[in-house]
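Structural features, examined
Residue strings, one per chain:
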Amino acid sequence: MRRVTYSMGVSLDGYIVGPDGDFHWTAPGDEVFRFVTDELRGIGVHLLGRRLYETMLYWETADQDPSLDDSELEWAALWKPLPKVVFSTTLSAVRGNARLASGGLAEEIERLRAEPGEGDIAIGGATLAAEAAALDLIDEYRARVHPVLVGGGIPFFPQHARRVDLDLVETRTFGSKVVYLRHRVARRGPSQGR
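So, here's what we can say about the structure. Computed from a predicted structure; not experimentally measured. (Residues numbered from 1 in each chain as written. Predicted model: local features only at pLDDT ≥ 70, side-chain atom pairs only at ≥ 80, totals over all residues. Heavy atoms only, no water.)

**Observations regarding the overall build of the protein**
If you tally the helices and strands in the protein, you get 6 helices and 10 strands. For the protein, whose C-alpha radius of gyration is 17 Å, the value lies close to the compact-globule estimate of 16 Å for 194 residues. Burial analysis of the protein (194 residues in total) assigns 42% to the buried set. For the protein, the proportion of contacts with a sequence separation of at least 24, taken over those separated by at least 6, is 69%. Here the protein displays about 10400 Å² of accessible surface, and carbon together with sulfur accounts for 53% of that area. A gap of 5 Å separates the mean positions of the 23 positive and 28 negative side-chain charges of the protein. (Helix = DSSP H or I, 4+ residues; strand = E, 2+ residues; numbered from the N terminus. Rg over C-alpha atoms; globule rule 2.2 N^0.38 Å. Buried < 20%, exposed > 50% of the residue type's maximum accessible area, 1.4 Å probe, protein only. Contact = heavy atoms within 4.5 Å. Areas by Shrake-Rupley, 256 points an atom, 1.4 Å probe, with all protein chains shown as cover. Lys, Arg positive; Asp, Glu negative; His and termini not counted. Charge placed at Lys NZ, Arg CZ, Asp CG, Glu CD.)

**Description of unusual backbone geometry**
Not every positive phi belongs to a glycine, and Asp-136 is a case in point at roughly 60 degrees. Position of Asp-136 among the secondary structure elements: in the loop between helix H6 (126-134) and strand E7 (140-146). For Asp-136, a relative accessible area of 31% corresponds to the partly exposed category.

**Observations regarding helix H1 (residues 30-41)**
Given a rise of 1.5 Å per residue, 12 residues ought to cover 16 Å, and the 17 Å separating the end C-alpha atoms of H1 matches this to within 8%. Taken residue by residue, H1 has Val-32, Phe-33, Phe-35, Val-36, Thr-37, Glu-39 and Leu-40 as its buried positions. Among the structural elements, strand E1 (4-11), strand E3 (43-49), helix H4 (70-79), E7, strand E9 (166-173) and strand E10 (179-185) are those in contact with the buried residues of H1. (Expected span 1.5 Å × (residues − 1).)

**Here we look at the pairing of E10**
Pairing of E7 with E10, which is carried by 6 bridges, proceeds in the antiparallel orientation. When the bridges of E10 are listed, Tyr-141 appears paired with His-183. Taken together, the 7 bridges between E9 and E10 define a ladder with antiparallel strand orientation. When the sheet's bridge partners are listed, Leu-166 is paired in E10 with Val-185. The loop that links E9 with its antiparallel partner E10 comprises 5 residues; one of these, Lys-177, has a positive phi angle of about 75 degrees. (Pairing = 2+ DSSP bridges.)

**Regarding the packing of aromatic side chains**
Counting across every chain of the model gives 10 aromatic pairs. Ring centres 4.5 Å apart and planes at 65 degrees place the aromatic pair Phe-35 and Tyr-180 in the edge-to-face group. One end of the pair, Phe-35, is in helix H1; the other, Tyr-180, is in strand E10, with 145 residues separating them in the sequence. For the pair Phe-35 and Tyr-180, a shared accessibility class is recorded, and that class is buried. Taking 6.0 Å as the distance between ring centres and 10 degrees as the angle between the ring planes, the aromatic pair formed by Trp-75 and Trp-79 counts as stacked. Of this pair, Trp-75 and Trp-79 both sit in helix H4, 4 residues apart, which is roughly one turn of the helix. Trp-79 shares its class with Trp-75; the two are buried. These aromatic residues form a ring-pair network of at least three members: Phe-33, Tyr-58, Trp-59, Trp-75 and Trp-79. For the cation-ring pair, Lys-84 lies above Trp-79, with the distance from its terminal atom to the ring centre recorded as 5.0 Å. (Phe/Tyr/Trp six-rings, centres within 6.5 Å; stacked < 30°, edge-to-face > 60°. Lys NZ or Arg CZ within 6 Å of the ring centre and 35° of its normal.)

**Some thoughts on the pattern of salt bridges**
Per the counting criterion, the structure on display carries 22 salt bridges. Between Arg-172 and Glu-31 there is a salt bridge whose closest N-O contact spans 3.7 Å. Of this pair, Arg-172 sits in strand E9 while Glu-31 sits in helix H1; the two residues are 141 residues apart in sequence, bridging distant segments of the chain. For Glu-31, a relative accessible area of 29% puts it in the partly exposed group. A salt bridge links Glu-74 to Arg-41; the shortest N-O distance between them is 2.2 Å. (Salt bridge = Lys/Arg side-chain N within 4 Å of Asp/Glu carboxyl O.)

Dropping the structure here:
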């Protein structure tokens with residue numbers, strides 16, 4: 001069964017965006033950008049909320065930007081054809097290889113898991129990830145922790161009233177001092193507790 005993953009850059013104090021809306025501190029250096037590009041190769045479909053979808057629209061036409069370097073062109077070539085499902089109550093249409101979600105998040109993920117296909121089901125955006133986490137739909141959390149404290153903003157980890165046990169699967173420290181942490185949700189049988 002296809003995994004549902006949630007992967008983003010996060011400050012050491014747990015935020016994807018600072019209190020002033022700034023997230024430029026998440027801009028990846030070359031090494032992290034290559035890593036994120038390789039991670040993108042393992043995605044079969046990307047689920048996005050409206051804000052992240054609108055932020056990522058740039059990449060739908062980025063290949064026409066003469067200032068892009070080879071690694072950015074490679075990212076654009078992978079992102080543009082990637083199937084995307086956008087969750088929004090305000091958008092009436094989307095562009096590129098995207099479609100508006102026709103059902104709720106749980107229904108969309110169930111349908112995508114049942115379809116033949118390879119690659120993870122990636123969730124982008126903290127609001128959508130919080131909804132998926134509350135429904136116990138996330139299989140892996142992948143955080144690229146940046147060495148900065150931003151003091152508030154939009155949290156990476158959803159705030160919910162239940163405990164979630166995780167198993168550490170992978171770590172990596174980059175030259176830029178960004179630390180990658182990949183955790184799998186520990187799904188234990190009823191006799192083992194949760």
